[in-house]
Amino acid sequence: MSDAIWQPSAPLQNLRRRATLLADIRRFFSERQVLEMEVPILSRRATSDPHIDSITAECGGETAYLATSPEFGLKRLVAAGIGDCYYLGKAFRNGEAGGRHNPEFTMLEWYRMGWDDHRLMIEVGEFLSHILKISKVHSYSYRALFLQQLGVDPHRASFEELKATVAKVLELSFEPAGRDECLDLLMSHHIEPGMDEGITLVYDFPATQAALARVEDDELGVPVARRFEAYVGGMELANGYWELTDAPEQQRRFEADRCYREDHGGPVYPYEDRLVQALEAGMPDCAGVALGVDRLLMLACGAGRIEDVIAFPIERA
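- Per an unreviewed UniProt entry, the recorded name for the chain is EF-P lysine aminoacylase GenX, and the organism is Microbulbifer hydrolyticus.
- One UniProt comment on the chain, placed under Subunit (unreviewed entry), says "Homodimer."
- Of the chain, the UniProt comment under Catalytic activity (unreviewed entry) reads exactly: "D-beta-lysine + L-lysyl-[protein] + ATP = N(6)-((3R)-3,6-diaminohexanoyl)-L-lysyl-[protein] + AMP + diphosphate + H(+)".

Shown next as structure tokens:
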């Protein structure tokens, strides 16, 4: 295939594989009686995550935002009583481009009523095993991985200890600004590249990285975020939570994210106050997970770059 700009960047066989993958995903959830839902991808509210930026649009003379994930809409449906559900479709994040990123991408997100993060981890392992035909599944706590690979307890180590560990195993042109930056660098640049080709599930993240997950004490009495991430061959595919259902705590976290953006000179968006209202009305105990479908397809096709599995990346859109 020539490289004319009108043509798709992905080989046609990979695009055919995408169609098969989407059908397989829907079959997986249909067999488990999980209902497919549509939620808006254009909203008057934006992401609260201080590390993700929304794409702005104009709608009827008002500012609107393309959804960075279907999370808020699905949670509002869960609070309304829809039950087990999933979304399979587009999401958008500003400034994300590269070998594994495109500003427009395909996301799968699902919610299970009455489950916690550990029960959902099992299903994520089953899903990835089914789709990728991989039988080997490993589960580690965040602490166990750091102790095994680096000999440091990520929940109890001081900032100075973590900085020393970073300096020992990584060559950086800058000094990390805080504990979480140290932990993120060690995870992404040292631990993830050393993961094997099987499925790796990592749970009990630091409480400071809870996002929208619950925080509870672990077996050592240390507060941890009840969330997990799934990797295949060191590539992060999914991020799941035992979902926060405490409305005042959700409000507090939204406000903390807003303050972080203001303090660091980032864009400040209107956050999803309607989710707080949904939690006040009563959202059932549940666990949810978001998974990157394009990355999943990259693994299924043996592709090295995201442009090899999507028809028209942003450069050709």
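Examining the nonpolar core
- In this structure, I25, L108, F127, L128 and L296 are the most contacted members of the largest nonpolar core, which totals 37 residues.
- Among residues more than four places away in sequence, those in contact with I25 are L88, L108, F127, I131, V293 and L296.

Things to note about the UniProt feature "domain: Aminoacyl-transfer RNA synthetases class-II family profile" (unreviewed entry) in the chain
- According to UniProt, the feature "domain: Aminoacyl-transfer RNA synthetases class-II family profile" (unreviewed entry) maps to residues 21-313 in the numbering used here.
- Along residues 21-313 one finds 36% helix and 25% strand; the C-alpha atoms at either end are 19 Å apart.

Notes on unusual backbone geometry
- Here K133, not a glycine, exhibits a phi torsion of approximately 60°, which is positive.
- Residue K133 is classed as exposed on the basis of its relative accessible area, which comes to 67%.
- Residues other than glycine seldom take positive phi values, yet D204 does so here, at roughly 60°.
- Looking at where D204 falls in the secondary structure, it is placed in strand β8 (residues 199-206).
- The class of D204 is buried, set by a relative accessible area of 9%.

Here we look at helix α6 (residues 179-191)
- Listed in full, the buried residues belonging to α6 are C182, L183, L185, L186, M187 and I191.
- Elements that come into contact with the buried residues of α6 comprise α4 (142-150), α5 (159-169), β8 and β10 (223-232).

Structural notes on the packing of helix α7 (residues 247-263) against helix α8 (residues 273-281)
- One can describe the packing of α7 onto α8 by two numbers: an axis separation of 8 Å at closest approach and a directional angle of 165°. Between α7 and α8, the crossing angle belongs to the class labelled roughly antiparallel. Along this stretch, α7 crosses α8, giving a crossing that reads as right-handed. When α7 is examined against α8, the residues A247, Q250, Q251 and F254 are found in contact with a partner set consisting of L275, V276, L279 and E280.
- Residues that form the contact of α7 with α8 fall into these classes: five nonpolar, two polar and one charged.

What to know about the side chain of R226
- Residue position: R226 is located in strand β10.
- Owing to a relative accessible area of 12%, R226 belongs among the buried residues under this scheme.
- A distance of 2.7 Å separates the side chain of R226 from the side chain of D117, its partner in a polar contact.
- The residues touching R226, leaving out its near neighbours within four places in the chain, are D116, D117, H118, D204, A213, R214, E216, G240, Y241 and W242.

Re the environment of D263
- Following the sequence through the fold, D263 ends up in helix α7.
- The spacing of D263 and Y86 is 177 residues in sequence and 35 Å in space, taken between C-alpha atoms.

Cut-offs applied
Residues numbered from 1 in each chain as written. Predicted model: local features only at pLDDT ≥ 70, side-chain atom pairs only at ≥ 80, totals over all residues. Heavy atoms only, no water. UniProt positions renumbered as here; feature names shortened; annotations may be inferred. Core = buried A, V, L, I, M, F, W, Y, C linked by side-chain atoms within 4.5 Å. Buried < 20%, exposed > 50% of the residue type's maximum accessible area, 1.4 Å probe, protein only. Contact = heavy atoms within 4.5 Å. Helix = DSSP H or I, 4+ residues; strand = E, 2+ residues; numbered from the N terminus. Axes fitted to C-alpha atoms, helices over the stretch in contact; angles between N-to-C directions. Parallel < 35°, antiparallel > 145°, perpendicular 65-115°, else oblique. Left-handed = near helix turned anticlockwise from the far one by under 90°. Nonpolar A, V, L, I, M, F, W, Y, C, P; charged D, E, K, R; others polar. Polar contact = N/O pair within 3.5 Å; in protein donor to acceptor, adjacent residues only side chain to side chain.

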